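Residue-level structure breakdown
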Amino acid sequence: MSLFIRIVFAIAACALMAVAAVLLVYAPYVVLRDSLAGTAALHESLLGVVGYLIVAIALFDVAKYFFEEEVPAGRERRSAGDARRGLTKFISTIIIAIFLEALVLIFETARDDVTEVKYAALLVLAGCVTLVSLGLFQRLSASVEQTVGPEPDTKDEEKQSPKDAGRLAS
């Protein structure tokens, strides 16, 4: 089952990278198309292109996370610290994408209809709540790791000979 799950994550990561690559190609195409159409269309499409690029970078980062954390064999026995670092990298990518998208949304709504800025502000608030939650998670999990101590590494125990284990016990 572990092999199947790793294959699914690898396929998902490849699909995310393919979508991100399409977005990275489509964004310059939109700018070029709109620049040939006229300056008014170009001004409006530039912020949309920034949104495409933000999503593409976030997708690449999530795919990279899958390849680094979920696809490799032998990663089933991770310590709590490894899991915390992996989750932090993943959530940090999401937080950055939320804030960048909120920034683009603020610029778009402020230019078009200022009364709609409240939705951009809610997106900024969601990013802040996510960031504070990540900080709380980091703080709590780090304090638990200090209190409980590091997890025993079973690979190191298997490598020790019975003679070494006897010396360690005495």
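Treat the numbers as computed from the prediction; the structure is a model and nothing was measured. (Residues numbered from 1 in each chain as written. Predicted model: local features only at pLDDT ≥ 70, side-chain atom pairs only at ≥ 80, totals over all residues. Heavy atoms only, no water.)

On to the packing of aromatic side chains, then. As enumerated under the stated definition, the model contains 5 aromatic pairs in all. Judged by centre distance (5.1 Å) and plane angle (65°), the ring pair of Phe-9 and Phe-66 falls under edge-to-face. Here Phe-9, found in helix H1 (residues 2-37), pairs with Phe-66, found in helix H2 (residues 39-70); they are 57 residues apart in sequence, far enough to count as distant. Its relative accessible area of 15% is what places Phe-66 among the buried residues. Seen in terms of ring centroids, Tyr-26 and Tyr-29 are 6.0 Å apart; in terms of plane orientation they differ by 40°. Their pairing is tilted. Residue Tyr-26 and its partner Tyr-29 are both found in helix H1; the two are separated by 3 residues, about one turn of the helix. One aromatic cluster is present, formed by Phe-9, Tyr-65, Phe-66 and Phe-90 through successive ring pairs. (Phe/Tyr/Trp six-rings, centres within 6.5 Å; stacked < 30°, edge-to-face > 60°. Helix = DSSP H or I, 4+ residues; strand = E, 2+ residues; numbered from the N terminus. Buried < 20%, exposed > 50% of the residue type's maximum accessible area, 1.4 Å probe, protein only.)

With that settled, the discussion passes to helix H3 (residues 80-112). Under the 1.5 Å per step criterion, the end-to-end length of H3 is 47 Å for 33 residues, consistent within 8% with the ideal 48 Å. Those residues of H3 lying buried are Gly-81, Arg-84, Gly-86, Thr-88, Thr-93, Ile-95, Ala-97, Ile-98, Ala-102, Val-104 and Thr-109. (Expected span 1.5 Å × (residues − 1).)

Under the counting rule described, the total for this entry stands at 3 salt bridges. Residue Asp-34 is joined to Arg-33 by a salt bridge in which the shortest nitrogen-to-oxygen separation is 3.2 Å. A residue is classified by how much of its surface remains accessible, and Asp-34, at 10% relative accessible area, is buried. A relative accessible area of 37% places Arg-33 in the partly exposed class. Ionic pairing is found between Asp-61 and Lys-64, a salt bridge with its closest N-O pair at 3.6 Å. One end of the pair is Asp-61 and the other is Lys-64, both in helix H2 and 3 residues apart, which spans about a single turn. (Salt bridge = Lys/Arg side-chain N within 4 Å of Asp/Glu carboxyl O.)

A few words on a nonpolar patch on the surface. Where nonpolar side chains cluster on the molecular surface, the patch consists of Val-22, Tyr-26, Tyr-29 and Tyr-52 and spans about 380 Å² of accessible area. Here the element with the most residues in the nonpolar patch is H1; it accounts for 3 residues. The class of Tyr-29 is partly exposed, set by a relative accessible area of 46%. (Patch = residues over 30% accessible without salt bridge, like charges linked within 9 Å, V, L, I, M, F, W, Y side chains within 5 Å. Areas by Shrake-Rupley, 256 points an atom, 1.4 Å probe, with all protein chains shown as cover.)

Within the element layout of this structure, Thr-109 appears in helix H3. A relative accessible area of 13% means that Thr-109 is categorised as buried.

What follows concerns the environment of Val-50. Along the chain, Val-50 turns up in helix H2. The spacing of Val-50 and Leu-100 is 50 residues in sequence and 9.0 Å in space, taken between C-alpha atoms.

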